[in-house]
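# Architecture at a glance
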Amino acid sequence: MAAAEPARPRRASSRAADDGGGQDRQTPGRPAPRRRSGTAGAAAAMRAAVQQLAELLGRLPDSVSSLKPTEDGWEAQVEVVELERIPDTTSVMASYRVALDEDGELISYERTRRYTRGMIDRPT
């Protein structure tokens, strides 16, 4: 006779959790609010970092190289092409540290590094 497995807690479906009040709906032009955990909160934070940094710099970010939650919101490293050159491997890139609050609003940004696209990191 096999022992019964312990019961696992069930997650409530997103439809069941919605009370129909519409408070979680996103306002157009504003990033989605940050959630404490999960990929939906991380994805919203990543989009917010890219959109707001692009607006401030006037350049579209190339990629997000890191994203981590902090006590006050999120911190991301965003890579931006600062000067396009031919060949592409000689383009000048910059890495920006972007801090977002819990609502996905940009608090601060700082350029932390400039490098050519073809440059690789070497172990120290």
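Quick caveat: nothing in here was measured; it's all calculated off a predicted structure.

This part takes up the packing of aromatic side chains. For the structure on display, the rule yields 1 aromatic pair. Aromatic side chains Tyr 96 and Tyr 109 sit 6.0 Å apart centroid to centroid with 50° between the ring planes, which places their arrangement in the tilted category. Here the residue Tyr 96 occupies a position in strand β3 (residues 92-101), and Tyr 109 occupies one in strand β4 (residues 106-116), the gap between them amounting to 13 residues. The exposure class assigned to Tyr 109 is partly exposed, which follows from its relative accessible area of 36%. Residue placement shows Arg 113 over the ring face of Tyr 115; its charged tip is 4.1 Å from the ring centre.

Looking at chain direction, strand β1 (residues 61-69) and strand β2 (residues 73-83) are connected through 7 bridges and run antiparallel. Bridge pairing links Ser 63 to Glu 79 in β2. Hairpin connection between β1 and β2: a loop of 3 residues separates the two successive antiparallel strands.

It is worth spelling out the pattern of salt bridges at this point. Side chains that carry opposite charge are capable of pairing whenever their charged atoms lie near each other. Within the structure shown, the criterion is met by 8 salt bridges. For Arg 117, the salt bridge is made with Asp 88, and the minimal N-O distance between the two is 3.4 Å. Of this pair, Arg 117 sits in the segment after β4 while Asp 88 sits in the loop between β2 and β3, placing them 29 residues apart in sequence. Classification of Arg 117 by relative accessible area gives partly exposed; the value is 29%. Note on Asp 88: relative accessible area 44%, which makes it partly exposed. In this structure, the salt-bridge partner of Arg 113 is Asp 121, at a minimum N-O distance of 2.9 Å.

Another aspect to go through is the nonpolar core. In terms of nonpolar packing, the biggest core is built from 13 residues, with Ala 49, Leu 53, Val 78, Val 80, Tyr 96, Val 98 and Leu 100 touching the most fellow members. At the level of elements, α2 (39-57), β2 and β3 are the ones that each hand at least two residues to this core. No other element matches the 5 residues that α2 contributes to this core. Aside from chain neighbours lying at most four places away, what touches Ala 49 is Ala 76, Val 78, Val 98 and Leu 100.

On to the pairing of β2. Within β2, 9 of the 11 residues are buried, leaving the element largely enclosed by the surrounding structure. In terms of strand pairing, β2 meets β3 through 10 bridges, oriented antiparallel. By the bridge assignment for β3, Leu 83 is matched with Val 92.

This part covers the confidence of the model for the protein chain. In the predicted model, the protein chain carries a mean pLDDT of 80, and 67% of its residues have values of at least 70. Per-element averaging of pLDDT across the protein chain places helix α1 (residues 14-17) at the bottom with 42 and β3 at the top with 97. This stretch, residues 10-27, has a pLDDT under 50; its non-local contacts, to residues over four places away or in other chains, come to 2 contacts.

Cut-offs and rules
Residues numbered from 1 in each chain as written. Predicted model: local features only at pLDDT ≥ 70, side-chain atom pairs only at ≥ 80, totals over all residues. Heavy atoms only, no water. Phe/Tyr/Trp six-rings, centres within 6.5 Å; stacked < 30°, edge-to-face > 60°. Helix = DSSP H or I, 4+ residues; strand = E, 2+ residues; numbered from the N terminus. Buried < 20%, exposed > 50% of the residue type's maximum accessible area, 1.4 Å probe, protein only. Lys NZ or Arg CZ within 6 Å of the ring centre and 35° of its normal. Pairing = 2+ DSSP bridges. Salt bridge = Lys/Arg side-chain N within 4 Å of Asp/Glu carboxyl O. Core = buried A, V, L, I, M, F, W, Y, C linked by side-chain atoms within 4.5 Å. Contact = heavy atoms within 4.5 Å. pLDDT = per-residue confidence, 0-100.

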